[in-house]
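Each chain, letter by letter, is given below.
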Amino acid sequence: MIVAVDGTSASGKGTLAAKLAQHFNLEPLDTGLLYRAVALSMITAGDNLEDEEKAANHAASIDYKSMDSPRLRNSDIGVASSKIAAMKAVRLTLLDFQQNFAKNPPNGRSGTILDGRDIATVVCPEADSKIFVTANIEIRAKRRWKQLIQSDEPAIYARVLEDLRERDTRDSTRQNAPLRKDSDAITIDTSHLDAEQTFEMARKYIASRDLNRQRS
Ligand code: C5P
């Protein structure tokens, strides 16, 4: 089984994917981390974030197994990653890895679940279940702001809101694999749902898709 979870930044898609992975015994891949790792690698090397060739070289050499640096979650890396994610060469370099991951769940797993922006539309158009997660931008900004404060990263709400707005615009207006809902996907608006309610909606949807799949 392949589950595709796409959506806007801070919509709750990462939390949802992690809960679904555990429930359905799926191997998870947070694809945003791949783009974040490329951005961090470029910044660490002192490279210009607008240099597409260098960005593609960094993309070719990142190691998914060593992506546990807390720095990857910082907001400056989030903004930088959305810049390099607009580059065709970077997306192509990361595509193979994601598609291989999706099709080859490790032993014992019933499948894979990938979350990102273009999973249903580009990476896994054949996914068995497709979920698009979003929420009102002010609510998303408040959630992200709280997370940052709790992780001791100094944050100003107005700045967080501005960063999200900038990322939403860049992610959904870029030419290569823009953020958009696939026509086969269901939408879950998490503005007024908690993590458990969101999980329950998605769980029911995936279970019913799986039942149909087994019958056919
Ligand atoms: O999901 P997260 O906020 O960690 O993603 C960081 C950035 O990586 C996003 O703003 C987006 O530009 C990019 N991304 C993408 N395609 C994906 C996953 C993330 O373009 N599948």
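Quick caveat, the model's predicted, so the values are computed rather than measured.

Which parts of the structure should I look at to understand helix 1 (residues 13-24)?
Structural remark: α-helix, 3.6 residues per turn; residues separated by three or four positions point the same way. The first and last C-alpha atoms of helix 1 sit 16 Å apart over twelve residues, in line with the 16 Å expected at 1.5 Å per residue. In this structure, the buried residues of helix 1 make contact with strand 1 (2-7), strand 2 (26-30), strand 3 (111-116), strand 4 (129-134) and helix 9 (195-215). Positive phi appears at Asn 25, one or two residues downstream of helix 1, with a value of about 60°.

Before we go on, may I ask you to explain the site of the ligand in this structure?
The environment of the ligand is made up of 15 residues, and the closest members are Arg 36, Arg 91, Asp 118, Arg 167 and Asp 171. Arg 36 places a side-chain nitrogen or oxygen 2.6 Å from an oxygen atom of the ligand. In this structure, Arg 91 approaches the ligand through a side-chain N or O atom, which is 2.8 Å from an oxygen atom. The protein chains hide 96% of the 460 Å² of surface that the ligand would expose on its own. The cavity that encloses the ligand is the largest pocket.

Rules used in this analysis
- Residues numbered from 1 in each chain as written.
- Predicted model: local features only at pLDDT ≥ 70, side-chain atom pairs only at ≥ 80, totals over all residues.
- Heavy atoms only, no water.
- Helix = DSSP H or I, 4+ residues; strand = E, 2+ residues; numbered from the N terminus.
- Expected span 1.5 Å × (residues − 1).
- Contact = heavy atoms within 4.5 Å.
- Near = heavy atom within 4 Å.
- Polar contact = N/O pair within 3.5 Å; in protein donor to acceptor, adjacent residues only side chain to side chain.
- Areas by Shrake-Rupley, 256 points an atom, 1.4 Å probe, with all protein chains shown as cover.
- 1 Å grid on protein atoms, 1.4 Å probe; cavity = no way out; pocket = protein on both sides within 12 Å on 5 of 7 lines; lining within 4 Å.
- Sits in = over half its atoms within 2 Å of the grid points.

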